[in-house]
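Coordinate analysis (summary)
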Amino acid sequence: MRLAAYRYQGAPGVGRVCADGRQIEPFQLAPAELALGVLPLIEALAAGKPLPAVGAGIGLELVELGAPIPRPRRNIFCVGKNYHAHAREFAGSGFDSSARPGADIPADPIIFSKVPECVIGPKDTIRIPVGVSEAIDYEAELAVIIGRGGKGITAADAMQHVWGYTIVNDVTARDWQGRHSQWLMGKSFDTFCPMGPWVVSADEMDGQATQVRCFVNGEERQNASTRDLIFDIPKLIETLSAGITLYPGDIIATGTPVGVGIGFKPPKYLVSGDVVRVEIDGIGAIENPVR
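This structure is a prediction, so every number in the text was calculated from the model and none was measured. (Residues numbered from 1 in each chain as written. Predicted model: local features only at pLDDT ≥ 70, side-chain atom pairs only at ≥ 80, totals over all residues. Heavy atoms only, no water.)

1. Focus: the overall build of the chain
In plain terms, the rule: Under the DSSP-based scheme used, a helix requires at least four consecutive residues in state H or I and a strand at least two consecutive residues in state E, with every element numbered from the N terminus. Two things to know: the radius of gyration comes from C-alpha atoms, and the globule rule equals 2.2 Å times the number of residues to the power 0.38. Each residue is placed in one exposure class: buried if its accessible area under a 1.4 Å probe, protein chains only, is under 20% of its type's maximum, exposed if it is over 50%, and partly exposed if it falls in between. We call two residues contacting when some pair of their heavy atoms lies within 4.5 Å. In this tally, Asp and Glu contribute negative charge and Lys and Arg positive charge; neither His nor the terminal groups of the chain are included. To locate a charge, take NZ of a lysine, CZ of an arginine, CG of an aspartate or CD of a glutamate.
Along the chain, the regular secondary structure elements total six helices and 18 strands. Relative to a compact globule of 291 residues, whose C-alpha radius of gyration would be 19 Å, the chain shows 18 Å and is just as compact. The proportion of buried residues among the 291 residues of the chain is 54%. Contacts spanning at least 24 positions in sequence make up 76% of the contacts within the chain whose residues lie at least 6 apart. For the chain, the distance from the average position of its 27 positive side-chain charges to the average position of its 33 negative side-chain charges is 2 Å.

Quick look at the structure:
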């Protein structure tokens, strides 16, 4: 199933996207739950509860889609340098504070996070923080949504804990990322996590074998399969849950392929007027203007 958060006639809603992609069926949720997007539904399903009743379908063209989880309950878990070609690309960029000579490919997952407040919707505007940074880059990523929580999850059992997937663009201020040993600052500026257009349940797509693409102003910049991940989804879940309890609705951004702006000579940073489109097979696309 595909679950989405949206606004219709000025009011928030959460619904199930019909199989034909033409309508969305609104769930009957309390106002406080609607503010959380699809998160209450994922939590209910994880607890073994049925989904709430739905109302009459609304034409998808009539709604404004928002981020499916507009304010995650805690930071988004992110993975750095998780495609082989991108790891080499980034290690040679001069902005990689984790780089060590002769160790372009990490031996263990590099984990950082983005604050919840940087999340925006699938068509919202990415804002360049003028006077703070203009070295703004894009990173197309498949994001995993945890369903059943847990701690000490083994790789063999990890996929049983995946509810589904969505798209994120891990927008990054490269100068801030290079300046600070921790990446949180350069990754967490306001509007730096476009997400959507909805979440897709794991029974409808294979996150371990899907194509990730990014276009800037129609020019293809990134195109790779998640088969090329250095650390696959089970390994990421095993690593994170070794000491951290994962909860329903937690988000793991799995890393970005080669082709980010910093990899070009000279770098191709985002500028006002650009449009960034991220597509992932089995999910759809998000497309965000830059201002």
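2. As for unusual backbone geometry
For the peptide bond that leads from Gly 196 to Pro 197, omega is -5 degrees, which places it in the cis range. With omega at 0 degrees, the peptide bond leading from Lys 265 into Pro 266 counts as cis. When you line up the elements, Pro 266 lands in the loop between strand S16 (251-253) and strand S17 (275-280). Even without being a glycine, Lys 81 presents a positive backbone phi close to 50 degrees. Mapped onto the fold, Lys 81 is located in the loop between strand S6 (76-80) and helix H3 (84-91). For Asn 217, which is not glycine, the phi dihedral falls at a positive 55 degrees. Looking at the secondary structure, you find Asn 217 in the loop between strand S14 (211-216) and strand S15 (219-225).

3. Here's the deal with the pattern of salt bridges
Counted only if it meets this: Any Lys or Arg side-chain nitrogen found within 4 Å of a carboxyl oxygen on Asp or Glu counts as a salt bridge.
Counting across every chain of the model gives 15 salt bridges. A salt bridge links Glu 43 to Arg 73; the shortest N-O distance between them is 2.8 Å. Of this pair, Glu 43 sits in helix H2 (residues 39-46) while Arg 73 sits in the loop between strand S5 (64-65) and S6, placing them 30 residues apart in sequence. The partner of Lys 235 in a salt bridge is Glu 238, with the nearest N and O atoms 4.0 Å apart. Taken together, the residues span about one helical turn, with Lys 235 and Glu 238 both in helix H6 (residues 233-241) at a distance of three residues. Three or more residues joined by partner-sharing salt bridges are found here, namely Lys 114, Asp 137, Glu 139, Asp 170, Arg 174 and Lys 187.

4. A look at the environment of Thr 210
Put simply, the rule reads: Contacts described as polar in this section are N or O atom pairs within 3.5 Å, which, within protein, must combine one atom able to donate a hydrogen with one able to accept it, while residues neighboring in sequence count only if both atoms come from side chains.
Note on placement: Thr 210 falls in the loop between strand S13 (193-201) and S14. Accessibility expressed as a relative area gives 6% for Thr 210, which makes it buried. Taking C-alpha positions, Thr 210 is 26 Å from Tyr 269, a pair spaced 59 residues apart along the chain. Excluding its chain neighbours within four sequence positions, the residues that come into contact with Thr 210 are Leu 142, Met 205, Ala 224, Ser 225, Thr 226, Ile 280 and Asp 281. Within polar-contact distance, the side chain of Thr 210 engages the backbone oxygen of Asp 281 at 2.7 Å.

5. Quick look at the nonpolar core
Applied cut-off: Remark: nonpolar core denotes a set of buried residues (Ala, Val, Leu, Ile, Met, Phe, Trp, Tyr, Cys) joined through side-chain atoms within 4.5 Å.
By size, the foremost hydrophobic cluster in this structure holds 83 residues, and its most contacted members are Ile 24, Ile 76, Tyr 165, Met 195, Ile 237, Ile 252 and Ile 283. Broken down by element, this core gets its largest block of residues, six residues, from strand S10 (residues 140-146). Excluding residues within four positions of it along the chain, Ile 237 makes contact with Ile 146, Ile 153, Ala 158, Val 162, Leu 246 and Ile 252.

6. A look at the pairing of strand S2 (residues 11-17)
What counts is decided by this rule: Note on pairing: two strands pair once DSSP finds at least 2 bridges between them.
Judged from the seven bridges that link them, strand S1 (residues 2-8) and S2 form a sheet pairing that is antiparallel. Bridge assignment links Ala 5 to a residue of S2, and that residue is Val 14. The pairing of S2 with strand S3 (residues 23-26) spans three bridges and is antiparallel. Bridge assignment links Val 17 to a residue of S3, and that residue is Ile 24. Between the end of S2 and the start of S3, which pair antiparallel, lie five residues, with Gly 21 showing a positive phi angle near 70 degrees.

7. Quick notes on the sheet that holds S17
Our working rule: Orientation is described by axes fitted as lines to C-alpha atoms, over the contacting stretch for helices, and by angles from 0 to 180 degrees between their N-to-C directions.
The strand order S15-S14-S17-S18 describes an open sheet built from four strands, whose pairing is antiparallel. Among the strands making up the open sheet, the edge pair consists of S15 and strand S18 (284-289). The average angle at which neighbouring strand axes cross in this sheet is 10 degrees, direction not considered. With six bridges joining them, S14 and S15 adopt antiparallel strand pairing.

8. A short note on H6
Threshold: To be clear, the arc concerns the directions from the helix axis to the C-beta atoms.
Of the positions making up H6, those classed as buried are Ile 233, Pro 234, Leu 236, Ile 237, Leu 240 and Ser 241. For H6, the arc enclosing every buried residue in end-on projection is 160 degrees, short of the 170-degree limit, so these residues lie on one face. Where H6 is buried, its residues contact S6, strand S7 (110-114), S10, strand S11 (162-169) and S16. Capping of H6 at its N-terminal end is provided by Asp 232; its side-chain oxygen lies 3.0 Å from the backbone amide nitrogen of Lys 235.

9. Some thoughts on the state of the cysteines
In a disulfide, the sulfur atoms of two cysteines are held together by a covalent bond. Inclusion rule: Disulfides are defined in this document as cysteine sulfur pairs within 2.5 Å.
Using the criterion set out here, one finds zero disulfides in the structure. Free cysteine: Cys 78, not disulfide-bonded; nearest cysteine sulfur from Cys 193 at 6.8 Å. Taking the relative accessible area as the measure of exposure, Cys 78 reaches 1% and is therefore buried. Just so you know, Cys 193 is unpaired, no disulfide at all, and the nearest cysteine sulfur is the one on Cys 118, 4.8 Å from it. Taking the relative accessible area as the measure of exposure, Cys 193 reaches 1% and is therefore buried.

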